[in-house]
Amino acid sequence: LAHGSPTGRVEGFTNVRELYGKIAEAFRIPPGEVMFCTLNTHKVDMEKLLGGQIGLEDFIFAHTKGQRKEVEVFKSEEALGLTITDNGAGYAFIKRIREGSVIDRIPVISVGDMIEAIDGQSLVGARHYEVAKMLKELPRGRTFALQLTEPRKAFDMIGPRAGGSRGGGTQLGTGRGTLRLRARGPATVEEQPSAFEERAVAKVDDLLESYMGIRDSELAATMVELGRDAQDPDALAQALDSQLGDFAFPDEFVFDVWGAIGDAKVGRC
């Protein structure tokens, strides 16, 4: 647990939701208490979030629910400045707050906060894109209530476990492959992502943030998989509709994804 505990062992899971259940079981806490996990750090570091891939030597820190809070927000601008992600098991939370934005001017709202409800409407079980869409559609010039739950704070004296006797300076997971967790189908052990895959996933994740206000490396990886062998943007659009139709991606977004995957193939940043 990120706020400090003995180490637990989890096994027998095939997707993210089952992993959270097994973590809760190992620490004898209700499954709903686990908000999200970070890899190799106890800190609320959104760049280290557990997504769809876990290095086979990565160390998982589970962040549990802390203080609940309700905040009144006046939507003075169209964009609130939030980037939303989710844990794949029913909780959406804040991954990024843009500097100088509406939300940035409210000190009580922090990165890592779970968005539990908007104006009393529960968002437990909603996907990140549904939450982002709901926030975007709130009318400008009105006040709304955000019900948030922050992750339980870690003690400053607890440092990230850096691999123990595995040797100093060794990057965790290097050369050992990754466990790929999928929304549909069983988990698989794969080689480390290629340089192309890493570039493409990063670019598509950036596009998800700019178009939809979400970040989701697992979703980006799925889109790269679907687009790797697509012959043109129309083929990519068909593949996305068949696998990810719930997102209703706009045509210009699909075209930019096609371009990003093409750039990554030839090594353009």
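The shown structure was predicted, so the numbers you read here are calculated from the model rather than taken from an experiment. Along every chain, residues carry numbers that run from 1 in the direction the sequence is written. For a predicted model such as this one, the threshold for reporting local features is a pLDDT of at least 70, and the threshold for listing and counting side-chain atom pairs is 80 or more; totals across whole chains, interfaces and linings nevertheless cover every residue. The side-chain numbers reported here are obtained from all heavy atoms of the structure, hydrogens and water having been left aside.

Comments concerning the confidence of the model for the chain
Caution applies to low-pLDDT parts of the model: their predicted coordinates are not meant to be read in detail. Let me state the cut-off plainly: Confidence of the predictor at the level of single residues is captured by pLDDT, which takes values from 0 to 100. By definition, residues are in contact when any of their heavy atoms lie within 4.5 Å.
Per-residue confidence for the chain averages 85 on the pLDDT scale, and 87% of its residues sit at or above 70. Contacts of residues 156–175 to residues separated by more than four positions or lying in other chains number 22 contacts, the stretch itself having pLDDT below 50.

Thoughts on the pairing of strand 1 (residues 34–39)
Which entries qualify depends on this criterion: A 1.4 Å probe rolled over the protein chains alone gives each residue an accessible area, and that area as a share of the maximum for its type sets the label: buried under 20%, exposed over 50%, partly exposed in between. A helix here means a DSSP run of H or I that spans at least four residues, while a strand means a run of E at least two residues long, and both kinds are numbered starting from the N terminus. A pair of strands counts as paired when DSSP detects no fewer than two bridges linking them.
With six of six residues buried, strand 1 is to be regarded as a mostly interior element. Relative to strand 3 (residues 60–74), strand 1 is paired through five bridges, and the arrangement is antiparallel. Its bridge partner lying in strand 3, V34 is registered against T64.

Overview of unusual backbone geometry
A positive phi is found at N40, a non-glycine position, where the angle reads about 65°. Tracing the chain through its elements places N40 in the loop between strand 1 and strand 2 (53–55). Here N40 falls in the partly exposed class, since its relative accessible area comes to 23%. Not every positive phi belongs to a glycine, and D119 is a case in point at roughly 50°. Structurally, the position occupied by D119 is in the loop between strand 6 (114–118) and strand 7 (121–122).

Side note on a negative patch on the surface
To be explicit about the condition: What goes into a patch is any residue over 30% in relative accessible area without a salt bridge, connected to like charges within 9 Å or, for nonpolar side chains (Val, Leu, Ile, Met, Phe, Trp, Tyr), within 5 Å. The accessible surface values rely on the Shrake-Rupley method and a 1.4 Å probe; as for residues, cover is taken only from the protein chains in view. Whenever Lys or Arg places a side-chain nitrogen within 4 Å of a carboxyl oxygen from Asp or Glu, that contact is recorded as a salt bridge. This count recognises Lys and Arg as positive and Asp and Glu as negative, with His and chain-terminal groups excluded. Lys charges are placed at NZ, Arg charges at CZ, Asp charges at CG and Glu charges at CD.
Residues D232, D234, D241, D251, E252 and D256 make up a contiguous surface patch of negative charge. When contributions to the negative patch are tallied by element, the ones reaching two or more residues are helix 5 (233–244) and helix 6 (251–265). Looking at which element gives the most residues to the negative patch, the answer is helix 6, with three residues. Looking at the secondary structure, you find E252 in helix 6. Assessed through its relative accessible area of 47%, E252 is described here as partly exposed.

Focus: the pattern of salt bridges
This structure, assessed with the given rule, holds 16 salt bridges. Close ionic contact of R127 with D86 constitutes a salt bridge, the shortest N to O distance being 2.8 Å. Here R127 is found in the loop between strand 7 and helix 2 (128–137), whereas its partner D86 is found in strand 4 (residues 82–86), with 41 residues between them in sequence. Taking the relative accessible area as the measure of exposure, R127 reaches 31% and is therefore partly exposed. Given the relative accessible area of 12%, D86 is considered buried. As a salt-bridge pair, R142 and D119 come within 2.5 Å of each other at their nearest N and O atoms.

Digging into the packing of aromatic side chains
Threshold: Stacked, tilted and edge-to-face pairs are distinguished by plane angle, under 30 degrees for stacked and over 60 for edge-to-face with tilted covering the rest, among Phe, Tyr and Trp rings (Trp via its six-membered ring) whose centres lie within 6.5 Å.
One pass over the structure, following the stated rule, counts six aromatic pairs. Each ring, one from Y129 and one from F247, has its centre 4.2 Å from the other, and the planes form 40°; the classification is tilted. Remark: F247 occurs in the loop between helix 5 and helix 6 and Y129 occurs in helix 2; sequence separation between them is 118 residues. On the accessibility criterion, F247 (11% relative accessible area) is buried. Among the aromatic residues, those joined into a cluster by ring pairs are Y129, Y211, F247, F249 and F253.

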